[in-house]
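Notes for the structure review
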Amino acid sequence: MEQKLPLPPFTFETATQKVQLAEDAWNSQDPHRIALAYTVDTEWRNRSAFINGKDEVIKFLTEKWQKELDYKLKKELWAFTENKIAVRFEYEYHDYAGQWFRAYGNENWEFDENGLMKKRFASINDLAINESDRRL
């Protein structure tokens, strides 16, 4: 059976490690690498999009980074329980017209016993920024 360490139940240290691994994977902008962290039947809500399964995750992320250029993400552990983690995050990107944005949000994650994420619910808000205001 496929496992993705660290496994639940989480401690502060392992929850923090899980968040850092997710940040690193998403900053790679490699949809196939990112999809390795999810169950085959993973369920997502990303803004108003509902995504089901690894194939849809890969399609969604591929399309995301065709529009969100020079993407850079920072995640921070907010809270955790035995098999759930909440994070706050921000990321920056620009569109084809050169307009920069900073996106703020929260995610709630639920993991199976093998450390794979089976649910991801993200609430995200975008703010147009000047390139000189970038932090990431």
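1. Points about the pattern of salt bridges
Two side chains bearing opposite charge may form a pair once their charged atoms approach each other closely. Under the criterion given, the structure shown has 13 salt bridges. A salt bridge links Lys74 to Glu23, with the shortest nitrogen-to-oxygen separation between them at 3.3 Å. Here Lys74 is found in strand 3 (residues 69-80), whereas its partner Glu23 is found in helix 1 (residues 12-28), with 51 residues between them in sequence. Taking relative accessible area as the criterion, Glu23 reaches 8% and is therefore assigned buried. A salt bridge links Glu90 to Arg88; the nearest nitrogen and oxygen atoms lie 3.6 Å apart. Overall, Arg88 belongs to the partly exposed group, its relative accessible area being 24%. Salt bridges linked by common partners bring Glu76, Arg88, Glu90, Glu92, Arg102, Arg134 and Arg135 together as one network.

2. Some points on the side chain of Glu107
Positionally, Glu107 belongs in strand 5 (residues 100-111). Among the residues examined, Glu107 registers a relative accessible area of 2% and is labelled buried. A distance of 2.7 Å separates the side chain of Glu107 from the side chain of Lys75, its partner in a polar contact. Within the structure, the side chain of Glu107 is placed 2.7 Å from the side chain of Arg120, a separation counted as a polar contact. Residues within four places of Glu107 in sequence aside, it is in contact with Lys75, Ile85, Ala86, Val87, Phe89, Arg120, Phe121 and Ala122.

3. What to know about the sheet that holds strand 3
Within a sheet, neighbouring strands are paired by backbone hydrogen bonds and run either parallel or antiparallel to one another. Here we have six strands laid out as an open sheet, ordered 2-1-6-5-4-3, and mixed in their pairing. Where the open sheet ends on each side, the last strands, each with one partner, are strand 2 (49-52) and strand 3. Between one strand axis and the next, the sheet turns through 20° on average, direction left out of account. Strand direction decides the pairing type here: strand 3 and strand 4 (residues 84-94), joined by nine bridges, are antiparallel.

4. What about the packing of aromatic side chains?
Under the criterion given, the structure shown has eleven aromatic pairs. Ring centres of Tyr93 and Phe101 lie 5.2 Å apart, and the angle between their planes is 20°; on these two criteria the pair is classed as stacked. Classification of Tyr93 by relative accessible area gives buried; the value is 8%. In textbook terms, an aromatic cluster arises when at least three aromatic residues are bridged by ring pairs, as seen for Trp26, Tyr38, Trp44, Phe60, Trp65, Tyr71, Phe89, Tyr91, Tyr93 and Phe101.

5. Section: unusual backbone geometry
Leu5 connects to Pro6 through a cis peptide bond whose omega is -5°. Tracing the backbone shows Pro6 in the segment before helix 1. Across the junction of Pro8 and Pro9, the peptide omega takes the value 5°, indicating a cis bond. With respect to the secondary-structure elements, Pro9 resides in the segment before helix 1. With phi around 55°, Gln29 is a residue other than glycine that occupies positive phi space. Locating Gln29 in the fold gives a position in the loop between helix 1 and helix 2 (31-35). Residue Gln29 is classed as partly exposed on the basis of its relative accessible area, which comes to 28%. Here Asp70, not a glycine, exhibits a phi torsion of approximately 55°, which is positive. By the element assignment, Asp70 lies in strand 3.

So, how was this worked out
Residues numbered from 1 in each chain as written. Predicted model: local features only at pLDDT ≥ 70, side-chain atom pairs only at ≥ 80, totals over all residues. Heavy atoms only, no water. Salt bridge = Lys/Arg side-chain N within 4 Å of Asp/Glu carboxyl O. Helix = DSSP H or I, 4+ residues; strand = E, 2+ residues; numbered from the N terminus. Buried < 20%, exposed > 50% of the residue type's maximum accessible area, 1.4 Å probe, protein only. Polar contact = N/O pair within 3.5 Å; in protein donor to acceptor, adjacent residues only side chain to side chain. Contact = heavy atoms within 4.5 Å. Pairing = 2+ DSSP bridges. Axes fitted to C-alpha atoms, helices over the stretch in contact; angles between N-to-C directions. Phe/Tyr/Trp six-rings, centres within 6.5 Å; stacked < 30°, edge-to-face > 60°.

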